[in-house]
Number of protein chains: 4
Amino acid sequence: YSKTEQKLLLGSTYFFPKFIFLWAIMADQAPSVARAAVLKESSSLPEDMPQIKGYDFNQGVDHRALLQSFLTTGFQASSFGQAVQEINKMIEKRLEPVQEEQESCDSHSSASGCTIFLGYTSNLISSGVRESIRYLAQHRMVDVIVTTAGGIEEDFIKCLAPTYLGEFSLKGKELRQQGINRIGNLLVPNDNYCKFEDWLMPILDQMVLEQKTEGTHWTPSKMIHRLGKEINNPDSVYYWAYKNDIPVFSPALTDGSLGDMIYFHSYKNPGLVLDIVEDIRRLNSKAVFAKSTGMIILGGGLVKHHIANANLMRNGADFAVFVNTGQEFDGSDSGARPDEAISWGKIRMDASPVKVYADASIVFPLLVAETFAHNADRLIKEKNSD
Amino acid sequence: YSKTEQKLLLGSTYFFPKFIFLWAIMADQAPSVARAAVLKESSSLPEDMPQIKGYDFNQGVDHRALLQSFLTTGFQASSFGQAVQEINKMIEKRLEPVQEEQESCDSHSSASGCTIFLGYTSNLISSGVRESIRYLAQHRMVDVIVTTAGGIEEDFIKCLAPTYLGEFSLKGKELRQQGINRIGNLLVPNDNYCKFEDWLMPILDQMVLEQKTEGTHWTPSKMIHRLGKEINNPDSVYYWAYKNDIPVFSPALTDGSLGDMIYFHSYKNPGLVLDIVEDIRRLNSKAVFAKSTGMIILGGGLVKHHIANANLMRNGADFAVFVNTGQEFDGSDSGARPDEAISWGKIRMDASPVKVYADASIVFPLLVAETFAHNADRLIKEKNSD
Amino acid sequence: YSKTEQKLLLGSTYFFPKFIFLWAIMADQAPSVARAAVLKESSSLPEDMPQIKGYDFNQGVDHRALLQSFLTTGFQASSFGQAVQEINKMIEKRLEPVQEEQESCDSHSSASGCTIFLGYTSNLISSGVRESIRYLAQHRMVDVIVTTAGGIEEDFIKCLAPTYLGEFSLKGKELRQQGINRIGNLLVPNDNYCKFEDWLMPILDQMVLEQKTEGTHWTPSKMIHRLGKEINNPDSVYYWAYKNDIPVFSPALTDGSLGDMIYFHSYKNPGLVLDIVEDIRRLNSKAVFAKSTGMIILGGGLVKHHIANANLMRNGADFAVFVNTGQEFDGSDSGARPDEAISWGKIRMDASPVKVYADASIVFPLLVAETFAHNADRLIKEKNSD
Amino acid sequence: YSKTEQKLLLGSTYFFPKFIFLWAIMADQAPSVARAAVLKESSSLPEDMPQIKGYDFNQGVDHRALLQSFLTTGFQASSFGQAVQEINKMIEKRLEPVQEEQESCDSHSSASGCTIFLGYTSNLISSGVRESIRYLAQHRMVDVIVTTAGGIEEDFIKCLAPTYLGEFSLKGKELRQQGINRIGNLLVPNDNYCKFEDWLMPILDQMVLEQKTEGTHWTPSKMIHRLGKEINNPDSVYYWAYKNDIPVFSPALTDGSLGDMIYFHSYKNPGLVLDIVEDIRRLNSKAVFAKSTGMIILGGGLVKHHIANANLMRNGADFAVFVNTGQEFDGSDSGARPDEAISWGKIRMDASPVKVYADASIVFPLLVAETFAHNADRLIKEKNSD
């Protein structure tokens with residue numbers, strides 16, 4: 001340092017003389033230590049590693065190219081791109097020709113090369129994601145469905161009366177006074193539940209009758225199957241699940257409006273039994289007897305755990321995509337990364353599962369667009385040629 | 001502006017001549033517009049509004065005073081303070097003397113001035129929060145428990161073998177190869193589940209036998225009651241729930257290791273039926289017949305919805321504390337604010353429910369310290385004088 | 001109840017005799033109380049309220065129709081739809097013809113009907129969102145940019161060497177040993193920073209020289225302007241900001257690799273001064289003199305606060321879109337909802353600001369597609385006819 | 001299976017004949033496959049691995065024992081316990097005797113065995129966490145502070161008028177009409193900012209005067225030092241920072257009310273220069289010349305990055321504790337795990353950094369209780385014997 005520079009250095013920090021004392025002494029040394037740390041040499045990365053590059057709008061708005069560019073956009077955009085790849089792997093496996101000998105002895109459900117388990121929380125049926133799910137059920141693009149009680153009843157209720165768009169910040173007290181229920185930024189008038197009661201009660205009477213007279217052993221999945229038949233409405237997810245023999249599991253089926261109605265009904269016409277043991281056998285068997293399995297799970301809680309646990313029965317799913325907003329730090333299964341499921345044997349050790357940290361209302365319709373809907377022709381043809 | 005100042009102004013932004021042109025013209029005006037916006041006059045706030053003030057460590061480390069200072073610390077510390085107040089309101093209500101005529105005709109369960117529903121997810125039983133929950137069950141400080149399948153089985157498994165502290169970042173593949181299961185930063189060796197199988201299978205045999213010979217109508221809550229009796233271990237939450245006649249609800253009881261065992265067992269000794277209809281009647285009745293109710297819910301998913309839905313049957317809980325890390329933006333019930341539950345009638349319109357946004361592993365033991373444990377003498381005396 | 005039914009009721013709960021005592025007595029009453037709560041009558045909602053309805057893939061994959069259906073899909077999909085509307089309002093305002101008298105006396109920057117402030121955190125420049133941002137700068141679709149130091153330097157570094165796609169779970173220790181830096185699931189070899197040093201040092205020399213010889217008063221925005229000129233590369237956001245006279249503010253410009261280099265350089269060639277006072281004047285003036293303003297802010301921290309604070313100077317922005325993953329519960333400005341900004345006067349009281357809770361890597365390219373890029377012809381024509 | 005059992009099996013699933021066909025055939029095989037997966041043998045864990053065990057309230061409410069039990073409680077409670085250990089390691093290092101030769105040639109700031117960098121976002125000064133921070137500054141328990149502009153000005157404003165406890169859900173429009181600003185669930189009347197203006201303006205005049213007459217080269221840290229002197233109030237964090245020569249860095253000091261005032265002031269009395277280059281030298285030197293360093297960072301954004309970047313200059317901090325609610329999935333530095341900082345060389349490869357995922361308003365006062373305040377006697381003695 002020149003004298004002037006040293007003076008400058010000292011002058012500029014005259015407020016802190018002790019500090020500058022050391023600085024003056026070690027001045028030359030300091031940056032070299034720091035420089036070595038900052039500019040540490042790097043090993044070269046493999047040549048084929050993907051480079052980060054986003055979509056260039058100068059080529060116009062090509063949505064499909066845009067969604068494909070997500071893979072090299074980084075963060076959750078890349079996770080989205082990887083989820084597209086993972087689901088498309090499920091689809092390709094599903095479309096693989098099944099050998100004759102297998103066909104002859106297997107049941108339909110394991111004739112598919114990949115048994116796809118779809119799980120979602122109740123709120124997604126309340127939202128417009130329902131239409132994407134209904135599409136998958138309608139065209140038998142998935143094989144097993146797991147959801148919560150609300151995920152069942154809200155589908156039927158929407159066949160009876162609409163759900164509306166509101167706001168997250170509407171006041172609970174004012175809404176209650178008007179009999180309007182809020183689900184996030186959605187609104188459901190209480191009248192919808194009255195209509196649901198009118199529709200459901202005669203069916204419950206009939207179910208009790210069948211139990212008593214025919215010895216029907218009701219389980220949640222059988223009840224959902226029956227309700228899907230009764231609703232007889234192509235807008236309904238479970239109408240199509242009924243039509244296409246897609247089993248729908250919801251072990252805590254009493255936890256919601258269905259439970260309320262069953263509770264009220266039990267005072268007028270008691271005796272209905274809903275057994276969850278037979279359903280766990282049935283669900284686990286779907287996993288055990290599958291050639292390969294894929295899990296697509298939207299949200300957390302029971303639906304996530306239930307599908308993963310069933311796949312433990314086969315030593316792990318082959319493919320997995322989770323879409324949720326949960327975090328692992330509180331140790332909840334909801335927020336657990338797929339790698340935690342690998343430790344349990346719920347996902348295979350050599351699998352490449354993907355978690356997309358996002359609200360499924362944005363991500364799932366886009367995922368369906370780039371996977372099932374994009375391959376609709378091949379998937380629907382396969383189904384029809386069964 | 002003096003000429004020099006104007007020059008300074010202009011000079012200092014010579015890079016952007018067009019911009020400074022306007023600036024020079026409107027210079028005097030600009031700050032006055034901005035100043036009016038920034039320094040808008042304010043109405044005075046009520047004199048008794050609490051002022052923000054944290055704990056002063058110059059008075060030494062007085063943990064209780066520190067926790068009391070949380071109320072005026074702001075953010076979630078204030079929410080913690082409000083949760084302490086809300087639970088203490090439940091406790092005071094619970095300790096109110098019950099009038100004679102009520103006593104004579106009421107059952108035990110509604111003799112308490114406030115029926116407290118405690119819900120928690122499985123991971124909290126895996127964690128050391130289990131000991132806080134066990135304390136509450138042991139001293140009958142809560143009246144109804146709702147949890148998931150894992151929330152049941154992990155309590156029993158911990159009576160058979162320990163759970164260990166690991167790390168969130170341990171690799172799933174390596175853990176699976178060693179047969180070690182990860183739950184967040186906890187580790188559970190697979191052998192624990194083998195021990196659980198050894199313990200459970202004879203009980204399942206006995207349950208099937210009783211069903212066939214005595215016509216026992218099994219429900220999840222009855223099975224948990226029986227398991228609590230069988231474990232016969234004072235470390236167990238459900239041992240105390242059994243001893244103290246605290247019903248424990250878990251409608252999806254097959255969704256976990258219990259379900260795995262029931263599934264295996266069903267091939268050796270089929271026929272067990274677990275009915276969820278009777279349990280929903282029983283749970284709802286706990287809410288309907290209560291004098292007042294309080295909900296303490298740790299985590300989201302089924303346990304949160306199930307307790308809140310039961311309280312809808314009585315037009316809303318009187319008191320409510322939620323502790324979880326969920327967010328409302330994805331419309332999930334897990335992340336919903338208490339105000340959403342008010343719109344449904346699950347919490348009373350005039351209640352003052354509290355949500356603490358935090359991992360319960362930190363918050364719940366501290367809450368118990370400042371509420372139930374702080375009032376232990378009065379609560380335990382009351383129980384013993386029943 | 002018939003005798004048989006009563007027996008059934010009692011029998012089914014024989015485990016809990018006290019409980020059933022009350023139940024038997026109040027059995028008829030219970031459901032009616034509950035039923036009234038559950039099936040409370042509802043007021044009718046306005047006829048024109050949007051009904052929830054998602055995209056129907058039976059009509060094929062029409063991405064634009066799909067994205068438009070988001071508005072009625074609920075949750076964050078609806079927030080996305082509202083954000084599209086809010087940004088399109090900014091664009092329409094921007095395209096409104098400016099009256100002659102205004103034109104004659106106004107500077108360029110306020111000639112636009114709506115001054116758009118774009119803010120983003122550093123990681124978005126590291127990601128492929130950079131290409132969307134570059135597009136906006138290239139076509140002068142935004143007027144003011146605010147970012148952090150990393151948001152500046154990573155743009156230049158990417159002109160010198162690529163960033164790669166990695167994984168969130170790569171081990172820090174192994175990466176450090178190889179000199180590879182991780183940003184979420186992105187990887188940046190340390191050599192990139194060496195190249196940056198080589199490029200930057202002569203420019204710093206030149207800046208010090210100009211300061212000493214020409215009296216240049218450097219500010220962060222002037223330095224960014226200069227660097228944008230020097231990089232002379234159409235891939236760079238700040239090359240276009242330089243070309244299009246878009247000021248870029250980054251008051252803590254020393255907080256990153258630029259700061260490292262300035263620190264090293266100060267030992268070889270001391271004396272550089274970067275003044276933040278002149279920049280705050282300049283930024284605030286952009287807000288004060290605007291006809292109307294819109295804020296588009298990706299991420300939190302400084303960039304969110306800095307833009308909002310500038311808009312307080314004009315008594316609030318007219319339009320606002322936030323995209324981030326922050327939550328309000330910890331009281332951070334990062335996670336604050338737009339409604340908090342209204343309390344401060346940073347957003348107008350009559351505005352309809354939108355927050356999308358999502359990772360911008362997925363949402364921002366889609367937002368650009370439906371807003372700026374969709375209106376590219378009109379926006380670019382307007383710019384060229386200036 | 002007995003004939004009866006087979007019939008039972010078949011009968012119970014008569015709804016799904018194809019499915020049961022396979023089941024009947026493979027019935028024996030299925031559970032054995034599943035059982036092998038579920039009950040995979042496990043390796044034994046090391047004997048000294050900590051077992052999960054929470055606090056037992058039967059031993060009474062011993063808060064200190066309760067907080068110590070957090071280490072074996074799991075999830076974030078364990079992270080809290082580890083953070084206590086990590087900070088106590090910083091304190092022990094700090095208390096290590098310094099060798100004579102070092103003392104003779106070193107400045108004061110590096111005489112401590114561990115230089116502790118404390119960073120926090122603005123909201124924490126608005127909250128009651130301020131009193132914990134003030135305690136640390138008062139007793140010189142930390143060596144370097146980094147915060148945002150709001151983290152500076154709110155401390156001074158609180159010396160002039162109080163901040164109040166409100167609610168997160170108060171409406172922005174109504175608050176704005178009353179001139180009340182909301183920060184999460186805190187409320188700050190606008191009059192507080194008017195008082196701040198009255199206090200600050202004469203100081204700004206004086207600063208400009210000193211710059212012009214004495215050639216004072218102002219930087220953010222020097223301005224904060226001066227303001228700490230001027231406030232002359234023992235409630236202020238920065239009063240104590242001034243008294244104890246703790247440098248406080250805030251490179252974007254204009255991003256807040258201070259910036260507003262500087263902006264207004266610049267029209268009345270222009271010319272103030274705040275240079276950020278000298279401050280980056282000063283901050284980096286604090287890291288480079290330290291014997292060892294510890295980072296305690298509350299919240300994300302600039303404060304987290306700035307401290308970590310300074311520690312890169314010394315090839316990484318030796319100790320680190322982060323407390324925040326950010327998540328890594330969006331690739332932000334705010335949410336990055338400490339392991340990401342290791343890849344950059346900002347934390348040493350052999351360090352054991354801790355992140356606690358929590359709102360600091362709950363966690364930080366508890367951390368101070370178990371670390372600095374618990375060791376107050378030793379720490380204060382050390383300081384006084386300097």
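Reference entry: report on the structure contained in this document. (Residues numbered from 1 in each chain as written. Chains lettered and ligands numbered in written order. Predicted model: local features only at pLDDT ≥ 70, side-chain atom pairs only at ≥ 80, totals over all residues. Heavy atoms only, no water.)

**Some words on the interface of chain A and chain C**
So, point 1. Every contact between the two is made by 95 residues of chain A and, on the other side, 97 residues of chain C.
So, point 2. Between chain A and chain C, the buried area comes to about 8,200 Å², and carbon and sulfur atoms account for 65% of it.
So, point 3. A salt bridge links Arg35(A) to Glu197(C); the nearest nitrogen and oxygen atoms lie 2.8 Å apart.
So, point 4. The interface formed by chain A and chain C contains 41 residue pairs in polar contact (both at pLDDT 80 or more).
So, point 5. Top element by residues in the side of chain A that touches chain C is helix α18 (residues 360-370) of chain A. It accounts for eight residues.
So, point 6. Classifying every residue of the side of chain A that touches chain C by side-chain character gives 50 nonpolar, 29 polar and 16 charged. (Contact = heavy atoms within 4.5 Å. Buried area = accessible area lost by both parts, 1.4 Å probe. Salt bridge = Lys/Arg side-chain N within 4 Å of Asp/Glu carboxyl O. Polar contact = N/O pair within 3.5 Å; in protein donor to acceptor, adjacent residues only side chain to side chain. Helix = DSSP H or I, 4+ residues; strand = E, 2+ residues; numbered from the N terminus. Nonpolar A, V, L, I, M, F, W, Y, C, P; charged D, E, K, R; others polar.)

**Focus: the relation of the copies chain A and chain B**
So, point 1. Of the two same-sequence chains, chain A is brought onto chain B (RMSD 0.0 Å, axial shift 0.0 Å) by a rotation of 180°. On the angle and the small slide along the axis, the relation comes out as a two-fold axis.
So, point 2. Taken together, the interface assignments show that 100% of the residues at the interface of chain A recur at the interface of chain B, consistent with an identical surface on both copies. (Least-squares fit on C-alpha atoms with pLDDT ≥ 70 in both.)

**Focus: the side chain of Asp155(C)**
So, point 1. Note on placement: Asp155(C) falls in helix α9 (residues 149-160).
So, point 2. On the accessibility criterion, Asp155(C) (0% relative accessible area) is buried. (Buried < 20%, exposed > 50% of the residue type's maximum accessible area, 1.4 Å probe, protein only.)

**Examining the sheet that holds strand β1 (residues 115-120) of chain C**
Residue and element names in this part refer to chain C.
So, point 1. Across the sheet, six strands lie side by side as β6-β2-β1-β7-β8-β9; this open sheet has parallel pairing. Bordering the open sheet on either side are β6 (248-249) and β9 (354-357), each of which pairs with just one other strand.
So, point 2. Relative to strand β7 (residues 293-298), β1 is paired through six bridges, and the arrangement is parallel. Its bridge partner lying in β7, Gly 119 is registered against Ile 297. (Pairing = 2+ DSSP bridges.)

**Regarding the environment of Ser112(B)**
All names here are of chain B.
So, point 1. In this fold, Ser 112 is placed in the loop between α6 (100-105) and β1 (115-120).
So, point 2. C-alpha of Ser 112 to C-alpha of Arg 348: the two residues are 236 residues apart in sequence and 19 Å apart in space.
So, point 3. The contact partners of Ser 112, leaving out residues within four places of it in the chain, are Arg 94, Asp 143 and Lys 291.
So, point 4. Within the structure, Ser 112 has its side chain in polar contact with the backbone oxygen of Cys 114 (distance 2.8 Å).

**Observations concerning helix α11 (residues 191-214) of chain A**
Residues and elements named next belong to chain A.
So, point 1. The end-to-end C-alpha distance of α11 is 34 Å, a good match for the 34 Å that 24 residues give at a rise of 1.5 Å each.
So, point 2. The sharpest bend along α11 measures roughly 30° and falls at Leu 200, with the proline Pro 202 sitting one to four residues further on.
So, point 3. After α11 finishes, the residue Gly 215 shows a positive phi value of roughly 70°. (Expected span 1.5 Å × (residues − 1). Bend = angle between axes of the 7 residues up to and from the residue.)

**Description of the relation of the copies chain A and chain C**
So, point 1. Mapping chain A onto chain C calls for a rotation angle of 180° and an axial translation of 0.0 Å; the resulting RMSD is 0.0 Å.
So, point 2. Comparing interface residues between copies, 100% of those in chain A also lie at the interface in chain C; the contact surface is shared.

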